Amino acid sequence: MPARLLPGLERRLKAEVVGEARFDAFTRGRYATDASHYQVTPLGVVTPRTIEQAERAIAICRAEGVAVTPRGGGTSQAGQTVNHALVVDCSQYLNRIVALDAAARRCVVEPGIVLDELNRALKPSGLWFPVDISTASRATIGGMVGNNSCGARSLRYGNTRENVIAIDAVLADGTHAHFGPLDDAKTDVPRALMRDLFAIAAREAAEIERRFPKVQRRVGGYNLDAIVPGRNDINLAHLLVGSEGTLAFSTRIELKLSPLIGRRAVGACHFGSFHEAMAAVQHIVGLHPIAVELIDRTMLALARDIAMFKPTVDAFLRGDPEAILFVEFAEDDDENLRQLKRLSELIGDLGLSWDQSGAKWGGVVEVLDSKLQAGISEVRTAGLNIMMSMKGAGKPISFVEDCAVPLEHLADYTARLTEIFEKNGTRGTWYAHAAVGCLHVRPVLNLRLDKDVRAMRAIAEEAFAMVREYKGSHSGEHGDGIVRSEFHEKMFGTELVHAFEEVKDRFDPQGLYNPGKVVRAPKFDDRTNFRYGPDYHADEMTTALDWSAYPGSGNNGFQGAVEMCNNNGACRALKGGVMCPSYRVTLNERDVTRGRANSLRLAITGQLGPDAFTSDEMAATLKLCVSCKACRRECPTGVDMARMKIEVLRARTEKFGLSLHDRIVGYLPRYAPTVARLSWLLNLRDIVPGAAKLSEAIAGFSARRSLPKWRWDYFQESKSSWPGIAVRRTASLRSPMSGPSTSSSSQDVDARHKAGHDGREVVLFADTFNRYFERENIDAAVAVLTAAGYWVRFAIPTDGGWPLCCGRTFLSIGKVDEARQEAARTLAALAPYVQRGVPVIGLEPSCLFSFRDEIPSLLKSDTARQLAGNALLFEEFLAREAATGTLDLNFAPMKKRALLHGHCHQKSFDTMSSVEAALRLIPELEIETVESSCCGMAGAFGYRADTIEVSRAMGELSLLPAVRKAPDDALIVADGTSCRQQIHDGSGREAIHVARVLAIALPQP
Ligand SMILES: Cc1cc2nc3c(=O)[nH]c(=O)nc-3n(C[C@H](O)[C@H](O)[C@H](O)COP(=O)(O)OP(=O)(O)OC[C@H]3O[C@@H](n4cnc5c(N)ncnc54)[C@H](O)[C@@H]3O)c2cc1C
Ligand code: SF4
Ligand code: SF4
């Protein structure tokens, strides 16, 4: 990464209040990439709080002779947002809806608003912005306009261009202009500029007619066709659409809105041959569907392999098709049915039938259920994600993924491109927008290898030549950027490329805005612009966890794991799922999985200077990562940041030691047995005036947060008196205690209790939090399990030391060796049960899931792997038993509402349906699951003085408002100890563990 440049620029930007201006290597590194394979480090990054601040920053750049690259979500696939420039990030603050005129179906927005957020706000008006791109959860309107983005339903709604009414923009010389319809009095573009643009378009009209592809998906070059003479719908804004930030900076965008789509009907057309599917598209489109989307055989297989999508695939899949076209109609109900009928007839006319009585196998599966329709959309996305999640060094690379050809050539085009891939030793998977001839396909290449870079050029040259032959478009959706601009000359011809340059020069003679995109671009295979450039290299480093599933030079695969982030930006979603909860509060690229993964990648490859991995900047980058593990599941490529954070914490702890706060948090399981005897004294912290403040000053525990209450009667196996508990009653915590299979006296007690339990044995893991602070959860679980006839066992430490612990608190402070030691003790105690296949049941999600996640990685033994397969949350166990008909327990009805909040790890391990199923065992209980992300507490995170604000704000995103709205007599159910604390502190309501709810509903004897 080059040294800091232009100190004058930095000084002025910081002095003249342009929002936040950052020039440090970490920030610049985070903005050096987008969803393409390029990496170009910007000079600095500004996140303006107002449009005026953005304008001021641009003015300073103009004065200092520095280029500006506007940026939204940074999800461009062609390198549009990377440049040696000052990046102006519109997404953090410039994201308001300025005006909405629902009657006229128009709105005006700032450029940084995310599409999904806009559509959520529009929903009550019955309207939406209908350019439904796959990245709707993080793409901004400014970015969509910049790229002329296209949605799956562009057949009906057109591309972004057709849905933009006007754009307010700052020109390169600082002039404000209003680009809009020519006949609109508000349109206000400098007269000389307008005159010159019209002159260029008029001069080139014939060439435009000849060389611009006549396909709907043409987003390459500048939209000179929008202003050719003779059009009666000339709109100057359309020249800015698709200009990739190279002509002007959009400050306000006026959008055309559409009524929300009503009920839809989908026909899943099955084909026995890919070629037949491609050949059919041109005919299907004649039925006027709103979308025709393709999934090929490979993607179907991938989707079927994912447990959560298998039921969806099974629901629509018939036989063994080579390809499926999902044909969507959105008319009124009757017409939808008629259209489906016509579709079936058409498919029959094309010679397809299920019984192959026609020449070809295939047919239509009708999908009218809206849930299944939504599932199908998800499957399509998931298939792509799986493809992207290949763990090898070769990755699916986007460069010919965006070609669009006239439908009559689709079958030939796909066949020939497949041959080109094969010739170059690679392959591709096909998906996406068949209706408009724009099929995404990414050949798998390893761009670190010269040979693959050469293959990339060979494929591009041949593919684009073929597209030209078919009069198609090489740039059909994702834009030009660095990838496709080089090829404009071949596709549009020299004369039009010259005209594009004239347009650029007329708007921006000094090259202020995003130079090197659309015109005068570098070679697309110039490796100095690659993320994995010629000098890319990671030094050896030791890691604590097992990363062997990933490739990478040395580093046990850690490098490969970090490089899994392909910058697609899914972690920037602001609603739905859990990832990345703290980003939802700060909207800071630093606080999102992508920002963290990029920082790690740059650090381990020496691009952020020496010792970057253990630096304070790295600590700041990871500070708001709450280790919720949502990325592990929700990131399309499975970037597991919670695990990576452990490596950084370990390295920092080794280098700098521990703070008092970390010691108190991490060593809790070790000192708890001793200090619990002083529970009355410790609990004074939240009673005696000044004590909380003192704890904040000394140990960093926020005075504004009460701490969990220590129990004098904390849970001790040795003092338990339930039937079914097998322990040596004389054992004390510090005295040696025998493991369940090694002590003869313990065996004796076990034997006595076994009588009457017909062998249905379970081990309940008493975690540190429930043991010392909320033992009633353990009591409740025992009561329920015992009532159901299970023989409840507790594992006893074989070394006779402190009670067992999963090691999580040590992992949270980077003490991996201590965590491993705790895990080993627990495994030793559980081993006899695990080897007998006895289920190990836990109550605290974060503790129990370390049995499935970190412990096998720390211990790498067969028993650890067996434990991972045997460990279940309490509710998972009950739900499983109920589902298999082996749960012998009826609960009393409870005429109440239960508001359920899931712990992040429950969501990450996909076990929320089990909690719901367990609660459904109670007759008449009405269950409502809050659509919440992380509660904000995340273990110790919410207690820290320096993170409490973010913690509270996270709670306020959805959980706390939902709890406050719940009726007074509703049960609030949360399995996480810290979730219950956040609910208590933030709403004054008490939440309870699912085990207690079930215990309350136990039938009275
Ligand atoms: C997995 C994946 C799926 C995708 N699916 C689709 C799809 O279905 N359809 C589709 O069309 N695209 C798709 N894309 C591409 C991309 O998401 C879209 O182009 C998206 O609209 C970009 O939005 P953004 O906010 O991320 O913009 P960015 O990438 O940040 O910027 C895009 C361009 O707009 C310019 N820009 C941003 N703000 C301004 C401003 N204020 N003034 C002037 N110029 C500005 C930038 O300089 C840049 O040139 C996909 C990308 C990925 C990674
Ligand atoms: S972390 Fe995952 S979701 Fe986020 S940008 Fe990277 S790959 Fe995408
Ligand atoms: S663990 Fe959670 S907070 Fe951390 S990066 Fe992943 S999703 Fe974000």
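Here, every reference points to the structure presented above.
I will try to describe carefully the structure that is included in this document. Each chain has its residues counted from 1, running along the sequence as written. Key to labels: chains lettered from A, ligands numbered from 1, both in the order written. Where local features are concerned, this predicted model is filtered to residues with pLDDT of at least 70; where side-chain atom pairs are given and counted, the filter is 80 or more; whole-chain, interface and lining totals use all residues. With hydrogens and water set aside, each side-chain value is computed from the structure's full complement of heavy atoms.

**A word on the site of ligand 1**
In this text, near means that some heavy atom of the residue lies within 4 Å of the molecule or strand in question. Near ligand 1, the surroundings consist of 34 residues, among which P70, T75, S76, T135 and T140 are the closest. The term polar contact refers here to a pair of N or O atoms within 3.5 Å; inside protein, the definition further demands a hydrogen-donor-capable atom paired with an acceptor-capable atom, and it admits residues adjacent in sequence only when both atoms are side-chain atoms. In the environment of ligand 1, an oxygen atom lies 2.6 Å from a nitrogen or oxygen atom belonging to the side chain of T75. Between ligand 1 and C150, the relevant distance is 2.7 Å, taken from an oxygen atom to a main-chain nitrogen or oxygen of the residue. Exposure was quantified through the Shrake-Rupley algorithm and a 1.4 Å probe, taking into account, for residues, occlusion by the shown protein chains and nothing else. Protein chains bury 96% of the 980 Å² of accessible surface belonging to ligand 1 in isolation. Elements are defined by DSSP. Helices are runs of H or I of four residues or more, strands are runs of E of two residues or more, and each kind is numbered from the N terminus. Elements represented by at least two residues in the shell around ligand 1 include exactly β3 (68–71), α5 (141–147) and β10 (249–256). The element best represented in the shell around ligand 1 is α5, accounting for five residues. Residues were grouped as follows: Ala, Val, Leu, Ile, Met, Phe, Trp, Tyr, Cys and Pro as nonpolar; Asp, Glu, Lys and Arg as charged; and all remaining residues, including Gly, as polar. Per-class residue counts for the shell around ligand 1 are 10 nonpolar, 21 polar and three charged.

**Focus: the pattern of salt bridges**
A pair is scored as a salt bridge if a Lys or Arg side-chain nitrogen falls within 4 Å of a carboxyl oxygen belonging to Asp or Glu. Scanning the model with the defined rule gives 84 salt bridges in all. One salt bridge connects E20 with R22, and the closest N-O pair in it is separated by 2.7 Å. One salt bridge connects E717 with R771, and the closest N-O pair in it is separated by 2.9 Å. Placement of E717 in the loop between α29 (691–699) and α30 (744–754) and of R771 in helix α31 (residues 768–772) is noted, with a sequence separation of 54 residues between them. Each member of the pair, E717 as well as R771, is classed as buried. Relative accessibility under 20% of the residue-type maximum defines a buried residue, over 50% an exposed one, and the middle range a partly exposed one, all with a 1.4 Å probe and only protein chains included.

**A few points about helix α38 (residues 874–883)**
Most of α38 is tucked away, with seven of its 10 residues classed as buried. Taken as a whole, α38 has its buried residues at F874, E875, E876, F877, L878, A879 and E881. Once α38 finishes, G885 follows within two positions and takes phi at roughly 75°, a positive value.

**Some words on the pairing of strand β21 (residues 761–765)**
Summarising burial for β21: five of the five residues are buried, a large majority. Judged by which residues are buried, β21 turns out to be covered on both faces: E761, V763 and F765 on one side and V762 and L764 on the other are all buried. Bridging between β21 and strand β22 (residues 791–793) involves three bridges; their strand directions are parallel. Paired with V763 across the two strands is R793, which belongs to β22. Here β21 pairs with strand β23 (residues 840–842) via three bridges, running parallel. At least two DSSP bridges between two strands are required for those strands to pair.

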